[in-house]
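Architecture at a glance
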Amino acid sequence: VQLQASGGGVVQAGGSLRLSCGASGKIFSTIVMGWYRQAPGNQRELVAECSSGGSTEYGDSVKGRFTISRDNAKNTVYLQMNSLKPEDTAVYYCNAHASGILRHVYDYWGQGTLVTVSS
């Protein structure tokens with residue numbers, strides 16, 4: 001499975017960015033797709049994820065500002081980031097995984113895309 005992310009960049013605080021991630025290879029219709037991020041000195045954390053059925057989960061720090069969406073036909077997941085803050089600065093990683101215990105054998109990561117929010 002290959003995940004190709006795009007859309008990162010530099011934006012001023014209060015601005016918006018949209019990330020995209022396309023998946024290719026052995027894709028199952030039931031996989032969860034989403035975004036994690038890692039800032040320098042911090043652990044990787046969940047930003048948002050979306051099931052194939054449309055159920056979503058967000059990290060507490062982005063609720064109300066970020067929106068995840070998914071196009072199952074294109075195996076693509078999007079992250080609309082609004083009202084960006086300097087603390088959102090991080091490398092954002094696309095992820096695709098199977099649910100539950102199957103995640104141990106099906107868990108893939110993209111190469112990461114840098115988002116920098118200037119104050």
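So, here is what we can say about the structure in this document. Everything numeric here is computed off the predicted structure, so don't read it as measured data. (Residues numbered from 1 in each chain as written. Predicted model: local features only at pLDDT ≥ 70, side-chain atom pairs only at ≥ 80, totals over all residues. Heavy atoms only, no water.)

A few words on the overall build of the protein chain. In terms of helices and strands, the protein chain carries 0 helices and 11 strands. Its helices and strands in sequence order give the protein chain the pattern β-β-β-β-β-β-β-β-β-β-β, from N to C terminus. Relative to the 2.2 N^0.38 estimate, which gives 14 Å for 119 residues, the radius of gyration of the protein chain is 14 Å and therefore close to what a compact globule would have. Projected onto the principal axes, the alpha-carbon positions of the protein chain cover approximately 40 × 30 × 25 Å. Relative to its 119 residues, the protein chain shows a buried fraction of 42%. Sequence separation of 24 or more characterises 52% of the internal contacts of the protein chain that already satisfy a separation of 6 or more. (Helix = DSSP H or I, 4+ residues; strand = E, 2+ residues; numbered from the N terminus. Rg over C-alpha atoms; globule rule 2.2 N^0.38 Å. Buried < 20%, exposed > 50% of the residue type's maximum accessible area, 1.4 Å probe, protein only. Contact = heavy atoms within 4.5 Å.)

Moving on, we get to the sheet that holds strand β1 (residues 2–6). Strand order across the open sheet formed by 4 strands is β1-β3-β8-β7, with antiparallel pairing between neighbours. Two strands lie at the open edges of the sheet, namely β1 and β7 (66–71), each paired on one side alone. Each strand of the sheet is rotated relative to its neighbour by a mean of 15°, with strand direction disregarded. (Pairing = 2+ DSSP bridges. Axes fitted to C-alpha atoms, helices over the stretch in contact; angles between N-to-C directions.)

Let us now look at a nonpolar patch on the surface. Nonpolar side chains collect at one region of the surface, where Ile101, Leu102 and Val105 lie side by side and expose about 350 Å² of accessible area between them. Looking at where Leu102 falls in the secondary structure, it is placed in the loop between β9 (90–97) and β10 (107–109). (Patch = residues over 30% accessible without salt bridge, like charges linked within 9 Å, V, L, I, M, F, W, Y side chains within 5 Å. Areas by Shrake-Rupley, 256 points an atom, 1.4 Å probe, with all protein chains shown as cover. Salt bridge = Lys/Arg side-chain N within 4 Å of Asp/Glu carboxyl O.)

What follows deals with the state of the cysteines. What is meant by a disulfide is a covalent connection between two cysteines, made through their sulfur atoms. Tallied over the full model, the rule gives 1 disulfide. Cys21 shares a disulfide with Cys94; S-S distance 2.0 Å. On the S-S bond that ties Cys21 to Cys94, the torsion sits near -90°, and the link is left-handed. On the criterion of sequence distance, the pair formed by Cys21 in strand β3 (residues 17–24) and Cys94 in strand β9 is long-range, its members being 73 residues apart. The pair Cys21 / Cys94 is uniform in exposure class, with both members buried. Left unpaired, Cys50 is separated from the closest cysteine sulfur, that of Cys94, by 12 Å. Note on Cys50: relative accessible area 4%, which makes it buried. (Disulfide = S-S within 2.5 Å.)

By the definition in use, this model includes 5 salt bridges. The shortest N-O distance in the salt bridge between Arg37 and Glu45 comes to 2.7 Å. The exposure class of Glu45 is partly exposed, given its relative accessible area of 36%. In this structure, Asp107 and Arg103 form a salt bridge, with 3.2 Å as the shortest nitrogen-oxygen distance. What makes Arg103 partly exposed here is its relative accessible area of 24%. Shared partners join several salt bridges into a network, and the residues in it are Arg37, Glu45, Arg65 and Asp88.

Take Ser20: it is sitting in strand β3. The residues touching Ser20, leaving out its near neighbours within four places in the chain, are Gln4, Ala5, Ser6, Trp35, Val77 and Tyr78.

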